[in-house]
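# Per-entry structural report
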Amino acid sequence: MNFYLDDPNLGRLLQKYLDPQFFEWAEKECTEFGAMCAEEIDERAAHTDREGRPKLIKYNRYGEDVSKVWVNEGYLKTVEQVYNKGIVGYVHKNIPDLGRRGNYVYAFTQGYLLSQAEPGFYCPVTLTAAAAFLLDHYGSEELKQAYLRQLISTGEVERFEGATFLTERQGGSDVGANETRAVAEGGHYRLYGEKYFASNAGMCGVAMVLARREGVPSGTKGLSLFLVPWEKENGEKNGIYIRRLKDKLGVRAVPSAEVVFDGAKAYLVGDPAKGFYYMMEALNLSRVCNAVASIGIMRRAYREARAYALRRTAFGHRLADYPMVKETLVKMAAKQEVETSAVFRLARLFDRTAFGKADKKEQIMARLLIALLKMETAEQAIHFAHEAIEMHGGNGYIEDFVTPRLLRDAQVLTVWEGTANILGLEVLRLMRKFNAHEMFIKEMKRKTSVLQAGALLSAGIEQLEETCRFVMEAKDEAAQTYHCKRIAKQMVKIFESVVALEDAGTGERQKSVVEAFLQLTWHDPLCIDPEMAFVKNFDEIVLETVLGN
Ligand SMILES: Cc1cc2nc3c(=O)[nH]c(=O)nc-3n(C[C@H](O)[C@H](O)[C@H](O)COP(=O)(O)OP(=O)(O)OC[C@H]3O[C@@H](n4cnc5c(N)ncnc54)[C@H](O)[C@@H]3O)c2cc1C
């Protein structure tokens, strides 16, 4: 099995977004990594979820609070293998074989492959990536000297994983309600307070933490960003204690904890008035990672559903011979491929923003697409996991198969890094502040005007314009927020359709995928379809890519 070789759409996207030299190298790496994820890492994922979950070792034999987290051997091996492949490091430093820096498109490709085995293994990577992003962009030279090399280690120096701690008991979405205090002491600070959801606690070398200095305003304006080493240099505790590990529905591989700071030594990162802004920048990276994990789950769910439908017989026929089953698989394939293309388009734009190459308009579009695609992909991951279970019948509900874990893992993707409501509010914020809707509509109209079949989207764009007009003219906050998720949904449909249509010219199979996608997106599912559009293209769309099942 190989998650990379089984996914020609991914190879196509890599070739599109990497230059030839980078692509040639990346393809070899991804072939190796795709096999590693599909085999050994996948086995460890099942073990970690069932028998080998992280455990809190709260006290040592003398009764002292050591707040250590135990993880299994396979987990540790996975950490080493994955980071040594440069999943975090090569965004910030040269790839030795190429003599130049990598990018997020490549890092997200690795994340997509890893998530097909276990998003709970990808989660700590995304936290480390966010910590490295913050330190590299906003840390002082002194802080970078002290911690960046470890955060981006590919094995040449001791590795520090990262973490980002925002959420407190009284508020996750409402970060402005944060109460953790930072008390100045010499050239550094001491933190006091609690963080209620702290993933990678006990495993991280450093955490990036939001806290409030004394005498600053309430709300988000008074939050500063701190780098907090998990331990002192001599290995002693740095005043950070784990109260308990969360007993979670899914992503059980990653330890998520309740953490108490009792005088933890902390270093200010950047401008103290901009902590919230910095963290929102990192949150945007985490949201792209979330979308990447979601398309990973969608891919795995589709792969499992397809394999089962081709193997299982009922009433004397393979499941895959029945029209309703064909319909399900074609819909899954088309949606997964187009949504993956959409996420990679965002990944490329994210690269431009992260490396300071994006103009103002691109920066706004990137923020908008991050909100749209984080919301959409997370919901689709749950839907796909459900479809995969359904395809397996009773077996799909049993933990011998990966399907229950896919559903349990997918469910968190709609919650962390911002719920759908919070993302809807982000879309509204962008509309109010930058007229992002006008920018979006103008861009989509420009693109559809030159696309064959672009006229198909006109009615959808008109409806979007009408809803945006209503919202912007609405007098009260309630009417505006009530509609913001509707706007986001319609924008996703339009954006993904444009991405699909732009890709339609890349081959016969691609044309069929696009046709199925448009049917799925715009056709009323309750209307009669005498052509049985989804059945018609089954062989081409679903069977053509069957490898290694
Ligand atoms: C497994 C796991 C790991 C996590 N790891 C971390 C971590 O490492 N670091 C970290 O900082 N956090 C972490 N979190 C926390 C996560 O980011 C928050 O749970 C999430 O942001 C939601 O915040 P909340 O739980 O406080 O929910 P709330 O903010 O209380 O939201 C509850 C509901 O109310 C809705 N809502 C809230 N405000 C509005 C509004 N204005 N309008 C409409 N609806 C609204 C939300 O959409 C949601 O549906 C983790 C969470 C989980 C489950």
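Above this text you will find the structure in question.
First things first, this report covers the structure right here in the doc.

The next thing to look at is the overall build of the protein. Tallying secondary structure elements over the protein gives 17 helices and 13 strands in all. Relative to its length of 549 residues, the protein is compact, with a C-alpha radius of gyration of 24 Å against a globular reference of 24 Å. For the C-alpha atoms alone, the extent of the protein along its principal axes is close to 75 × 55 × 45 Å. Scored against the burial criterion, the 549 residues of the protein give a buried share of 59%. Sequence separation of at least 24 residues holds for 74% of the intrachain contacts in the protein that already meet a minimum separation of 6. When the accessible area of the protein is evaluated, it comes to approximately 23,200 Å², of which 51% is carbon and sulfur surface. Between the centroid of the 71 positive side chains of the protein and the centroid of its 75 negative side chains there is a distance of 3 Å.

What follows deals with the nonpolar core. A general feature of soluble globular proteins is that nonpolar side chains tend to end up buried together. With 188 residues, the main nonpolar core has F108, L114, L191 and F440 as its most contacted residues. Sorting elements by how many residues they give to this core places helix α7 (residues 275–311) first, with 18 residues. Once you skip the residues sitting within four places of it in the chain, F108 turns out to touch Y122, L285, V288, C289, V292, A347 and F350.

Pairing between side chains of opposite charge can happen when their charged atoms approach one another. Applying the stated criterion to the full structure yields 46 salt bridges. Between D6 and R306 there is a salt bridge; the shortest N-O distance is 3.1 Å. Of the two residues, D6 is situated in the segment before α1 (8–17) and R306 in helix α7; the sequence distance between them amounts to 300 residues. With respect to class, D6 is no different from R306; both count as buried. A salt bridge links R244 to E258; the shortest N-O distance between them is 2.8 Å. Taken as a pair, R244 in strand β10 (residues 240–245) and E258 in strand β11 (residues 256–269) lie far apart in primary sequence, 14 residues in all. The class for R244 is partly exposed, based on a relative accessible area of 46%. If you follow the salt bridges from partner to partner, you end up with R169, E194, R243, R244, K246 and E258 in one network.

Further remarks concern the layout of surface pockets. Estimates place the volume of the second largest pocket at around 1,100 Å³. Contributing to the lining of the second largest pocket are 36 residues, with F160, C204, G205, W230 and E231 lying nearest its centre. Broken down by element, the residue count for the lining of the second largest pocket peaks at five residues, all from helix α6 (residues 141–151).

Residues in close proximity to the ligand total 20 residues, the closest being L166, T167, G172, S173 and T419. The contact in question runs from an oxygen atom of the ligand to an N or O atom on the backbone of L166, over 2.8 Å. Within the side chain of T167, one N or O atom sits 2.7 Å away from a nitrogen atom of the ligand. Listed by contribution, the elements that provide at least two residues to the shell around the ligand are β5 (164–165), β7 (188–199) and α11 (420–434). Of the residues in the shell around the ligand, the class split is nine nonpolar, nine polar and two charged.

With that settled, the discussion passes to the packing of α11 against helix α12 (residues 436–449). Remark: α11 packs on α12, axes separated minimally by 6 Å, with the N-to-C direction vectors making an angle of 95°. Relative to α12, the element α11 is oriented roughly perpendicular. Listed contacts from α12 to L430, M431 and F434 of α11 are A436, H437 and M439. Partitioned by chemical class, the residues of the contact of α11 with α12 number five nonpolar, one polar and no charged.

The next point concerns helix α5 (residues 119–138). Spanning 20 residues, α5 covers 28 Å between terminal C-alpha atoms, matching the ideal 28 Å at 1.5 Å per step. Of all the 20 residues making up α5, 18 are buried; the element is thus mostly covered by neighbouring parts of the structure.

With that out of the way, let us pick up helix α8 (residues 323–354). With 32 residues, α8 should reach 46 Å at 1.5 Å per residue; the first-to-last C-alpha distance of 46 Å fits that figure. Counting buried positions along α8 yields 25 of 32 residues, so the element is predominantly enclosed. Note on α8: the residue one or two positions beyond its end, G356, has a positive phi of about 70°.

This brings us to the environment of Q110. Along the polypeptide, Q110 turns up in helix α4 (residues 104–117). Classification of Q110 as buried rests on a relative accessible area of 2%. Separated by 21 residues in the primary sequence, Q110 and A131 have C-alpha atoms spaced 18 Å apart. In contact with Q110, other than residues within four places in its own chain, are F33, K85, G86 and I87.

In a packed pair of helices, the relevant descriptors are the angle between the two axes and the axis-to-axis distance. Running from amino to carboxyl end, helix α2 (residues 20–50) crosses helix α3 (residues 73–84) at an angle of 155°, the nearest separation of the two axes being 10 Å. Comparing the axis directions of α2 and α3 gives the class roughly antiparallel. Here the hand of the crossing between α2 and α3 comes out left-handed. Taking contact as the criterion, the partners of F33, M36, E40, I41, R44 and T48 in α2 are, on α3, G74, Y75, K77, T78, Q81 and V82. Its residues placed into classes, the contact of α2 with α3 shows five nonpolar, four polar and three charged.

To continue, consider empty space enclosed by the protein. Tallied over the entire structure, the rule returns three cavities of 30 Å³ or more. In this model, the largest cavity occupies a volume close to 90 Å³. Contributing to the lining of the largest cavity are I87, V88, V91, H92, Y104, A107, F108, Y122, V125, T126, A129 and C289. Only α4 and α5 provide two or more residues apiece to the lining of the largest cavity. No other element matches α5, which puts four residues into the lining of the largest cavity.

What follows deals with the environment of F344. Residue position: F344 is located in helix α8. The contacts of F344, once residues within four sequence positions are left out, are L10, L13, Y17, V105, T109 and I295.

A full pass over the atoms with the stated rule returns 16 aromatic pairs. Both rings, one in Y75 and one in F121, keep their centres 5.7 Å apart while their planes meet at 80°; by these two values the pair is edge-to-face. Here Y75, found in helix α3, pairs with F121, found in helix α5; they are 46 residues apart in sequence, far enough to count as distant. For Y75, a relative accessible area of 2% puts it in the buried group. In this arrangement the basic side chain of K237 is found over the ring face of Y241, its NZ or CZ atom lying 5.6 Å from the centre.

Here is what the cut-offs are and how they apply
Residues numbered from 1 in each chain as written. Predicted model: local features only at pLDDT ≥ 70, side-chain atom pairs only at ≥ 80, totals over all residues. Heavy atoms only, no water. Helix = DSSP H or I, 4+ residues; strand = E, 2+ residues; numbered from the N terminus. Rg over C-alpha atoms; globule rule 2.2 N^0.38 Å. Buried < 20%, exposed > 50% of the residue type's maximum accessible area, 1.4 Å probe, protein only. Contact = heavy atoms within 4.5 Å. Areas by Shrake-Rupley, 256 points an atom, 1.4 Å probe, with all protein chains shown as cover. Lys, Arg positive; Asp, Glu negative; His and termini not counted. Charge placed at Lys NZ, Arg CZ, Asp CG, Glu CD. Core = buried A, V, L, I, M, F, W, Y, C linked by side-chain atoms within 4.5 Å. Salt bridge = Lys/Arg side-chain N within 4 Å of Asp/Glu carboxyl O. 1 Å grid on protein atoms, 1.4 Å probe; cavity = no way out; pocket = protein on both sides within 12 Å on 5 of 7 lines; lining within 4 Å. Points joined across faces, edges and corners; volume = space filled by probe spheres on them. Near = heavy atom within 4 Å. Polar contact = N/O pair within 3.5 Å; in protein donor to acceptor, adjacent residues only side chain to side chain. Nonpolar A, V, L, I, M, F, W, Y, C, P; charged D, E, K, R; others polar. Axes fitted to C-alpha atoms, helices over the stretch in contact; angles between N-to-C directions. Parallel < 35°, antiparallel > 145°, perpendicular 65-115°, else oblique. Expected span 1.5 Å × (residues − 1). Left-handed = near helix turned anticlockwise from the far one by under 90°. Phe/Tyr/Trp six-rings, centres within 6.5 Å; stacked < 30°, edge-to-face > 60°. Lys NZ or Arg CZ within 6 Å of the ring centre and 35° of its normal.

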